[in-house]
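Here is what each chain is made of, one letter per residue.
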Amino acid sequence: MADGAEPLDLADRARDTVVPPARRRVMPATRGAGAEPAFDLYHFGFSICSHKVRLVLQELGLGWLSLELDPRKLENYAPGYVRLRLASPAAQGARPATGWDGGSSVADAGFDALAVPTLVDRRAQTVVADSLRICLHLAERHRGETDLVPAEVEAEVRAQLAHVDRTPHVALLYGPDPAGDHRPWIIRLALRGAHRRKASAVEAQWDQVRGSDPALDTAYAAKLAKERAGARFVASAERMQGAIDTTEGLLRAFAADLAQHQGPWLFGERVTLADLFWAVSLFRLQWLGYDRLWRGMGPVERFAAAAFERPTLQQAVTRWPSHPWSRPASPWMRRPSLIDRLSGLGS
């Protein structure tokens, strides 16, 4: 356990020292009694991994405490938050993420102790890190009337989750398309040199605790190496094209899987965790202007049309207050704010 403290003690310290009160918000349960939320969720408004977890919480009707970190301040690099993630089972004996493949799969890239999201399950008295683990944890503990991982298709659901987890969403966000960059121009501007700035922020936070805890030293050193690798990746047209080709291949496989079933979802009429992951993935691609990758894939087009109209996706993702607007995704989003218009996010 990080610095010998219990999970809930670490959670209380992180909540009180990392997230200002103005960004602590109780999200009430939509099913059952209005008991005090059992979950704390550390997340970013725009993080695709955070989107997955928020959507699952919404689908299950669970109450939770929203602890929204500010990506501009890189609050997820704070030692209190890193200690909290290191207390999760996912971190125990895990390979630190030191490389950058454009994705966010812990199975492929290793564990990043400075990433989001992180869930604190106060009833289970445990910390769960990595969006895939968090969503499976929630689905398994709260089946109730919504069984997101039905036993009879569990292997197939998990296979689809792995496909989404391996989609290089991070590369498509941070790097340009060699054939023409269609990302909102403000994103292109904001993320130019982002890996260099993040590496500097890692070093600044590490300097506060360097030598005080070997686990923290390992976590910060790994993150520094990862950000430097990210800078090299997005500067390579060959690697960026590879990320796009990988995404298109996964979408084609998804279209083939959808075509095998009669219903609008992967396994017919019922929604599973696999459908939720794909809904989030497709919306991110739509937001970035990469919807062209599935144009002409009829099953994926029909799936996206249904998924984007789903109220839970709108509540947890597309209309989340801090999610920036973009023109390709505008039919499903809140009306653009004046800041959005002035910044050019709609262009």
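Whatever comes next refers back to the structure up there.
Residues numbered from 1 in each chain as written. Predicted model: local features only at pLDDT ≥ 70, side-chain atom pairs only at ≥ 80, totals over all residues. Heavy atoms only, no water.

S.K.: Can you lay out the packing of aromatic side chains for me, pointing to particular residues and giving the numbers?
M.R.: All chains considered together, the criterion is met by 11 aromatic pairs. Summarising the aromatic geometry, the rings of Trp206 and Tyr220 are spaced 6.5 Å apart at their centres and angled 15 degrees between planes, so their arrangement reads as stacked. Here Trp206, found in helix α9 (residues 194-209), pairs with Tyr220, found in helix α10 (residues 214-234); they are 14 residues apart in sequence, far enough to count as distant. The two residues Trp206 and Tyr220 agree in class, both being buried. What links up through ring pairs into an aromatic cluster is the set Phe254, Trp265, Trp278 and Phe303. When the ring centre of Trp206 is taken as origin, the NZ or CZ atom of Arg210, which lies over that ring, is 3.9 Å away. (Phe/Tyr/Trp six-rings, centres within 6.5 Å; stacked < 30°, edge-to-face > 60°. Helix = DSSP H or I, 4+ residues; strand = E, 2+ residues; numbered from the N terminus. Buried < 20%, exposed > 50% of the residue type's maximum accessible area, 1.4 Å probe, protein only. Lys NZ or Arg CZ within 6 Å of the ring centre and 35° of its normal.)

S.K.: How would you summarise the packing of helix α12 (residues 273-288) against helix α14 (residues 311-318) if you had to cite specific residues and measurements?
M.R.: Closest axis-to-axis distance for the α12/α14 pair is 11 Å, and the angle between their directions is 55 degrees. Classified by the angle their axes make, α12 and α14 are oblique. Along this stretch, α12 crosses α14, giving a crossing that reads as right-handed. Packed against α12, whose contacting residues are Ala279, Val280 and Phe283, the element α14 presents Leu313, Val317 and Thr318 at the interface. In terms of residue class, the contact of α12 with α14 is made up of five nonpolar, one polar and no charged. (Axes fitted to C-alpha atoms, helices over the stretch in contact; angles between N-to-C directions. Parallel < 35°, antiparallel > 145°, perpendicular 65-115°, else oblique. Left-handed = near helix turned anticlockwise from the far one by under 90°. Contact = heavy atoms within 4.5 Å. Nonpolar A, V, L, I, M, F, W, Y, C, P; charged D, E, K, R; others polar.)

S.K.: Could you give me a rundown of α14, with the residues and numbers involved?
M.R.: Within α14, six of the eight residues are buried, which leaves it mostly tucked inside the rest of the structure. The set of residues buried in α14 consists of Thr312, Leu313, Gln314, Ala316, Val317 and Thr318. For α14, the secondary structure elements touched by its buried residues are α2 (48-60), α12 and α13 (298-308).

S.K.: Lay out the sheet that holds strand β4 (residues 118-121) with the relevant residues and their values.
M.R.: Strand order in the open sheet formed by five strands is β1-β3-β2-β4-β5, with mixed pairing between adjacent strands. Both outer strands of the open sheet, β1 (24-27) and β5 (126-129), are each paired with one neighbouring strand and no more. The mean inter-strand angle of the sheet, taken between neighbouring strand axes irrespective of direction, is 20 degrees. Relative to β5, β4 runs antiparallel, the two sharing four bridges. Following the sheet pairing, Val120 is matched in β5 by Val127. Docked against the sheet, α2 engages β2 (39-43) and β3 (64-68), running at close to 150 degrees with respect to β2. Contacting β2, β4 and β5, helix α3 (residues 79-86) crosses the sheet at an angle of about 65 degrees to β4. (Pairing = 2+ DSSP bridges.)

S.K.: I'd like a description of the environment of Val234, backed by residues and values.
M.R.: Structurally, Val234 is set in helix α10. Take Val234: its relative accessible area is 16%, and that puts it in the buried class. Discounting residues that sit within four places of it in the chain, Val234 has contacts with Trp100, Tyr174, Gly175, Pro176, His195 and Met240.

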